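Observations on chain architecture
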Amino acid sequence: MKAINLPAKIMLLGAGELGKEFVIAAQRLGNCVIAVDRYDNAPAMQVADCCEVISMLNGDDLERIASKHQPDLIVPELEAIRTEKLEEFEQRGITVIPTAAATNYTMNRDRIRELAHTQLGLRTAKYGYAQNLDELITISEEIGFPNVIKPVMSSSGKGQSIVKNKSGVEQAWNYAFAGSRGDTHKVIIEEFIDFDIEITLLTIKQWNAPTIFCPPIGHRQERGDYQESWQPAGITNEQILQAQAIAKKVTDALGGAGIFGVEFFVTQYEVIFSELSPRPHDTGMVTLISQNLNEFELHLRAVLGLPIPKIELFDCAASAVILASDKLDTVAYTGVAEALLEPDVDIRLFGKPNANAYRRMGVALAKAEDVTKARAKAAQAASKVNVVNSH
Ligand SMILES: Nc1ncnc2c1ncn2[C@@H]1O[C@H](COP(=O)(O)OP(=O)(O)O)[C@@H](O)[C@H]1O
Ligand SMILES: [Mg+2]
């Protein structure tokens, strides 16, 4: 058991909406949180004890703020971090969540894929890599069409496209290249999986207690970004057990403690591992209304070594994202009161200082007696809220 005394001083790397809910959970148990992001007034900064604005890909900046604040724990909320620096911090006795090595494995798509497929022998979509257009054409033809092309270093569907035939490959390369962040220009090409449903299995790995799971969450993505999620996912017990066994294998290989959002494609015959986040997952925001402990509270308990005696799903529930439709320098919201007229509906607005088209600004949450009704209620509530210019 890692002895983590309360209150803990937690440095949160990434201060988005998921970080914000994590800070709220941490504050409720009296902890101190330093929220870090590359821009000021990010959602989690609005509820943290203090904040730092730095590039988290810059090791010197990370060093400077770690020396200044001397955290007990570093909790990453995003992938784009100078992970070698996290390894140094870990060697110096700071606990990195889930571990520094795990953040390194999950920073790029290729490393976690190699771990899952090559080391652990798990079924994934067929895949290959390319570092230039010629390689991409060759590998695409080997894998076949349609296929999915993604920068190895990207998230939220950035730079990702589905390619139907050879003539679309060049455009996919250019798009991936434009959408890639960081210093690598490598893409992964994946077989397109024609799944019945995709799910996130929230998996909680504990320092000194067995790994436990939330009921699986179904979700729907557009443009590589989640639009709605629901719980329970509505897959069979056999499929749940298969997903749990795979999630346990991968998270055991990564080590440490915390919640993981393990993503799967589910077809009639197979449960196929896709990717995972070593932290709360965006589709898991549905747990803000569905469970006795939401994914942020579960993450907090797991990282602090606090017990989780029970995870209970209260009702069928759903979440639907509230997106901006335009670029806005300042934001305000209309329709919130109308959305909240409905019982068992709740709204979270993240407090982002500005907007771009499709930027996620909030989420609508709903409960109902079945998933279909919960999804309809969440979608309706989300559609009532409009993100507008505050002038
Ligand atoms: N091989 C694939 N076959 C079918 N759909 C895919 C495949 N890869 C990705 N997708 C779709 O794109 C979404 C985003 O891809 P993902 O690999 O999860 O990237 P991100 O890190 O951006 O979430 C997935 O949730 C799924 O809907
Ligand atoms: Mg994903």
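Above this note sits the structure.
Structural notes, computed from the coordinates. Just so we're clear, the structure is a prediction, and the values are computed from it rather than from any experiment. Here the residue numbers are simple positions, counted from 1 along each chain's written sequence. To read the labels, note that chains go from A and ligands from 1, taken in the order they are written. Restriction of local features to residues with pLDDT of at least 70 applies here, the model being predicted, together with a cutoff of 80 or more for giving and counting side-chain atom pairs; totals for whole chains, interfaces and linings are based on all residues. Hydrogens and water are ignored here; the side-chain numbers use all heavy atoms of the structure.

1. Here's the deal with the sheet that holds strand β9 (residues 187-191)
So the rule is basically this: Two strands make a pair as long as DSSP finds a minimum of two bridges between them. Strands are runs of DSSP state E lasting at least two residues, helices are runs of H or I lasting at least four, and both sets are numbered from the N terminus onward. Angles shown run from 0 to 180 degrees and are taken between the N-to-C directions of axes, each axis being a line fitted to C-alpha atoms and, for helices, limited to the stretch in contact. Here a residue-residue contact requires only that any non-hydrogen atoms of the pair lie within 4.5 Å.
With respect to topology, four strands assemble into an open sheet ordered β6-β9-β7-β8, the strand pairing being antiparallel. With one partner strand each, in any of the chains shown, β6 (127-130) and β8 (161-163) form the two edges of the open sheet. Direction aside, the axes of adjacent strands within the sheet are offset by 25 degrees on average. Sheet topology places strand β7 (residues 147-151) next to β9; five bridges connect them, and they run antiparallel. Paired with Val148 across the two strands is Glu190, which belongs to β9. Of the strands in this sheet, β6, β7 and β9 touch helix α5 (residues 109-119), which is tilted by about 150 degrees from β6.

2. Points about unusual backbone geometry
Glycine aside, residues mostly have negative phi angles, and peptide bonds mostly take the trans form. To be explicit about the condition: Using a 1.4 Å probe on the protein chains alone, a residue whose accessible area is under 20% of its type maximum counts as buried, one over 50% counts as exposed, and one in between counts as partly exposed.
A cis geometry characterises the amide bond from Leu6 onward to Pro7, with omega recorded as -5 degrees. On the secondary structure map, Pro7 appears in the segment before β1 (9-13). Positive phi, normally seen in glycine, also occurs at Gln70, with a value near 50 degrees. You can see Gln70 is positioned in the loop between α2 (59-69) and β4 (73-76). Residue classification places Gln70 among the exposed residues on the basis of a relative accessible area of 57%. The phi dihedral of Ser156 falls on the positive side, at around 50 degrees, and the residue is not glycine. On the secondary structure map, Ser156 appears in the loop between β7 and β8.

3. Describing the coordination of the magnesium ion (ligand 2)
Which entries qualify depends on this criterion: Coordinating donors are taken to be N, O and S atoms lying within 2.8 Å of the metal, or within 3.2 Å when the metal is Na, K or Ca; because water is excluded from the atom set, some sites may appear incomplete.
At this site the magnesium ion (ligand 2) is bound by Glu263 (OE), Glu263 (OE) and Glu275 (OE), with donor distances of 2.0 to 2.5 Å. A residue pair is termed long-range when its members are at least 10 positions apart, and Glu263 in strand β14 (residues 258-266) and Glu275 in strand β15 (residues 271-277) qualify at twelve residues. Owing to a relative accessible area of 28%, Glu275 belongs among the partly exposed residues under this scheme.

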